[in-house]
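Okay, here's what each chain looks like letter by letter:
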Amino acid sequence: MARLCDDLFLIALGRTVSRVGAVLCLLNWMTVIGFAENVSLESRSIFPWQDKSAWSEEFGFAIGGGLGMKIFGSDLDHHLGLSKIHYGWNRNRTYLADSWFQGELGVFNELMAGGQYDPEGAYLLGLTPVIKYRFSYCDRFRPFLEGAGGIMITDIGEPDLGSVFEFYQQTGAGLEWEQSDGFVLTTQVRFAHVSNAGITRSNRGMNNLFFFLGANWRF
């Protein structure tokens, strides 16, 4: 009975995390859309990319791997390899100026692709908006915080993922090292949770701790 109680608790916890994550995904998409519309209104442009004084563009890529974690009800450790590219906008405005926490806000669309190599081979492909706050107190070394929530397709399957379509939520931190004007090297750590918000009965979820190395260009 004690083991059954533990299993039921973990299943309930996994479903709760999954549904909260799905809501966060929706809120994240709404925030990104609202941010773009706000830039448009402030710059009096139809599209946010029409006013170079209000924002700057950014493109980047990163490669890394994810260590599987058996938490929130997951049965297995899912070890992954992943690459990702992103494109989006940085606000040309400093928030919390003249403090240790001064920084810049950015929003990006991120496309990721990769696969699971343990316990067995599988693919995954995802698309998610990312919100980033970059601390700008230092000149060359700039830490940042970020959060994301989007969608993913994968054939990893049961027992932890019960469908091809999944929701993807992540949060993380990293460091940018400026090499030249507009070019930076990046390193980052992310925690990610993947589940389907109860679309299918099998929905224990997959959890990973990711490590990435990459580069960004701002223009």
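Above this text sits the structure in question.
Residues numbered from 1 in each chain as written. Predicted model: local features only at pLDDT ≥ 70, side-chain atom pairs only at ≥ 80, totals over all residues. Heavy atoms only, no water.

Enquirer: Got a sec to walk through empty space enclosed by the protein? Specific residues and values, please.
Expert: All told, the structure shown has 2 cavities of 30 Å³ or more when counted by the stated rule. Taken as a whole, the largest cavity holds about 140 Å³ of empty space. In this structure, the largest cavity is lined by 17 residues; those nearest its centre are K84, H86, E110, K132 and Q188. Secondary-structure elements contributing two or more residues to the lining of the largest cavity are β1 (55–68), β2 (79–91), β3 (103–118), β4 (122–135), β5 (141–154) and β7 (183–195). (1 Å grid on protein atoms, 1.4 Å probe; cavity = no way out; pocket = protein on both sides within 12 Å on 5 of 7 lines; lining within 4 Å. Points joined across faces, edges and corners; volume = space filled by probe spheres on them. Helix = DSSP H or I, 4+ residues; strand = E, 2+ residues; numbered from the N terminus.)

Enquirer: Which residues make up the sheet that holds β2, and what are the values?
Expert: Strand pairing in a sheet is mediated by backbone hydrogen bonds. Such pairs are either parallel or antiparallel. Pairing is antiparallel around the closed barrel formed by 8 strands, whose spatial order is β1-β2-β3-β4-β5-β6-β7-β8. Across this sheet, the average inter-strand angle for adjacent strands is 25°, counted without regard to direction. In the sheet, strand β6 (residues 165–180) pairs with β7 via 13 bridges, with the strands oriented antiparallel. Bridge pairing in β7 links G174 to Q188. (Pairing = 2+ DSSP bridges. Axes fitted to C-alpha atoms, helices over the stretch in contact; angles between N-to-C directions.)

Enquirer: Could you give an account of the pattern of salt bridges, naming the residues involved and the relevant values?
Expert: For the structure on display, the rule yields 11 salt bridges. A salt bridge links K84 to E110; the shortest N-O distance between them is 3.6 Å. On the criterion of sequence distance, the pair formed by K84 in strand β2 and E110 in strand β3 is long-range, its members being 26 residues apart. Considered together, K84 and E110 belong to a single accessibility category, that of buried residues. Close ionic contact of R134 with E104 constitutes a salt bridge, the shortest N to O distance being 3.4 Å. Of the two residues, R134 sits in strand β4 while E104 sits in strand β3, which places them 30 residues apart along the sequence. Here the two residues R134 and E104 agree in accessibility, since each one is buried. The network of salt bridges with shared partners includes E58, E104, K132, R134, R142, E176 and R218. (Salt bridge = Lys/Arg side-chain N within 4 Å of Asp/Glu carboxyl O. Buried < 20%, exposed > 50% of the residue type's maximum accessible area, 1.4 Å probe, protein only.)

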